[in-house]
Amino acid sequence: MKDATKCLHSGYHPKNTEPRVVPIVQSTTYVFDSTDDVAAVFDDPTKALIYSRFANPTVMAVEQKIAELEGGVAAMCTTSGQAANLLAILNICRAGDSFISTTQIYGGTINLFGFTLKKLGIECIFVGEEATDEEIEAAFKPNTKAVFGETIANPALSVFDIERFAKIAHKHGVPLIVDNTFATPILCKPFEFGADIVTHSTSKYMDGHALQIGGVIVDSGKFDWSNGNFPELVEPDESYHGLSYVKEYGKMAYILKARMQLMRDFGCYPAAHSAFLLNLGLETLAVRMKQYCENALTVAKYLEANDKVESVMYPGLENDKCHALAKKYLKGCSGVITFVIKGGKANAVKFMDALSLASNEVHVADIRTCVLHPASETHRQLTDEQLVAAGINSGMVRFSVGLEDVEDILADLDKAFAAID
Ligand SMILES: *Cc1c(COP(=O)(O)O)cnc(C)c1O
């Protein structure tokens, strides 16, 4: 099946007289005929469902759909994108380990990796996406367990060279984890370029309607966890009566460990109703992504030609520094554009307050056009010097193009530009 078909049909196949739409199984638990039946599922939790803290039929239908869209063997949903990245790392790193991440990642992930994981004894070593192979290799230590990057970075909008980083990670016997939130599997399938694990914040394009926070981890099933670097996946898990994930579950070792061990213990699993809403978003993902990309390219070209704009970052533009990587990895560059208005913060604020169709909100990838001023909102705690160091110009605007008619979006921009000198 092609992506648009998978969006509608993967994960749920009703049989004779069953409901057309995936049912909301709003139940914390499941009934068994006998104690022996329950015991059998405790021995092998893949046999049936026990408890909705780590498995539920509505959520699992969505997991299967996302796994098929990414071309992976299985997936596990989480209550947020933050939880997805947290569990993706904790599944293979413990206190005393390190991992490598590019610096061009979401601000929330920088906090998680650089501060909170550090308190748990896990070190994140940051390298720039532009680092040479030698510089990246130099960041590896004997305790390094993974490499991490974002397909299209939020908010830098740089494009991650997945193949290059995957090669280096594999040379050191560790997996490449890719946060594919902005691209979605419609614009990029990181597994095709060597990534081993994919994560998403489903709160963005996958949900698409700004309805609910969520995340997902997808396993390619391709990484060899028995290469000596990951004893926790090979040796008996004493918290699971001595089970070896690799021996018992082969290709699904990583994702089943994440579910049976981490999700069991942390319990950040979405409710059935949330998964039902996420599924509605996923059903139209392929058609929506096409339209976001088309609208955003039109808006990016308009901004590039506007003399009140100093610079535009959108990998779909021919003279963008990531255009060559975008051509290699992406079928489109999503709806998010970053641009810098001449005249700094004063003009950026005037411009934003003069918009009426585009709403001022702390979100991106909504179905409606929305806009954010990093210097006075998400990055407001930083001093002017820190803003420069973080690559945030005070005239910078992050514009998330929605699915309105692009003529109306351009008219709104015209009006807002007219409000500044
Ligand atoms: C938003 C976002 C996250 C965090 O996801 P939440 O669902 O808000 O927890 C992680 N990575 C990227 C790239 C994001 O854009």
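A brief structural summary. Just so it is clear, the structure is predicted and the values come from calculations on it, not from any experiment.

Criteria and cut-off values
- Residues numbered from 1 in each chain as written.
- Predicted model: local features only at pLDDT ≥ 70, side-chain atom pairs only at ≥ 80, totals over all residues.
- Heavy atoms only, no water.
- Core = buried A, V, L, I, M, F, W, Y, C linked by side-chain atoms within 4.5 Å.
- Buried < 20%, exposed > 50% of the residue type's maximum accessible area, 1.4 Å probe, protein only.
- Helix = DSSP H or I, 4+ residues; strand = E, 2+ residues; numbered from the N terminus.
- Domains from an automatic or database assignment.
- Contact = heavy atoms within 4.5 Å.
- Axes fitted to C-alpha atoms, helices over the stretch in contact; angles between N-to-C directions.
- Parallel < 35°, antiparallel > 145°, perpendicular 65-115°, else oblique.
- Left-handed = near helix turned anticlockwise from the far one by under 90°.
- Nonpolar A, V, L, I, M, F, W, Y, C, P; charged D, E, K, R; others polar.
- Disulfide = S-S within 2.5 Å.
- Salt bridge = Lys/Arg side-chain N within 4 Å of Asp/Glu carboxyl O.

The nonpolar side chains of soluble globular proteins are, as a tendency, buried together. Membership of the largest hydrophobic core comes to 129 residues, with the highest contact counts inside it found for Phe 339 and Phe 351. With ten residues, helix α13 (residues 285-304) is the single largest residue contributor to this core. Summarising the domain contributions, this core has at least three residues from each of domain 1 (3-280) and domain 2 (287-418). Beyond its immediate stretch of four places on either side in the chain, Phe 339 contacts Leu 303, Val 309, Ser 311, Val 312, Phe 351, Gly 395, Met 396, Val 397, Phe 399 and Phe 417. Listed in part, the five residues of the second largest apolar core include Val 340, Leu 387, Ile 392 and Met 396.

The next thing to look at is the packing of helix α3 (residues 57-70) against helix α12 (residues 272-283). Close contact between α3 and α12 brings their axes to 8 Å; oriented N to C, the two are set at 30°. In terms of their interaxial angle, α3 and α12 are classed as roughly parallel. Pair α3 / α12 crosses with left-handed handedness. Contacts from Thr 58, Val 59, Val 62, Lys 65 and Ile 66 of α3 reach α12 at Ala 272, Ala 275, Phe 276, Leu 278, Asn 279, Leu 282 and Glu 283. When its residues are assigned to classes, the contact of α3 with α12 shows eight nonpolar, two polar and two charged.

Further remarks concern the state of the cysteines. This structure, assessed with the given rule, holds zero disulfides. Left without a disulfide partner, Cys 93 is nearest to the cysteine sulfur of Cys 124, which lies 9.3 Å away. Cysteine Cys 322 shares no disulfide, and the gap to the nearest cysteine sulfur, in Cys 333, comes to 9.5 Å. Look at Cys 322 and you get buried, because its relative accessible area is 6%.

What follows is about the pattern of salt bridges. Under the criterion given, the structure shown has twelve salt bridges. For the salt bridge of Glu 163 with Lys 328, the shortest nitrogen-to-oxygen distance reads 2.7 Å. Of the two residues, Glu 163 is situated in helix α7 (residues 162-171) and Lys 328 in helix α14 (residues 323-329); the sequence distance between them amounts to 165 residues.

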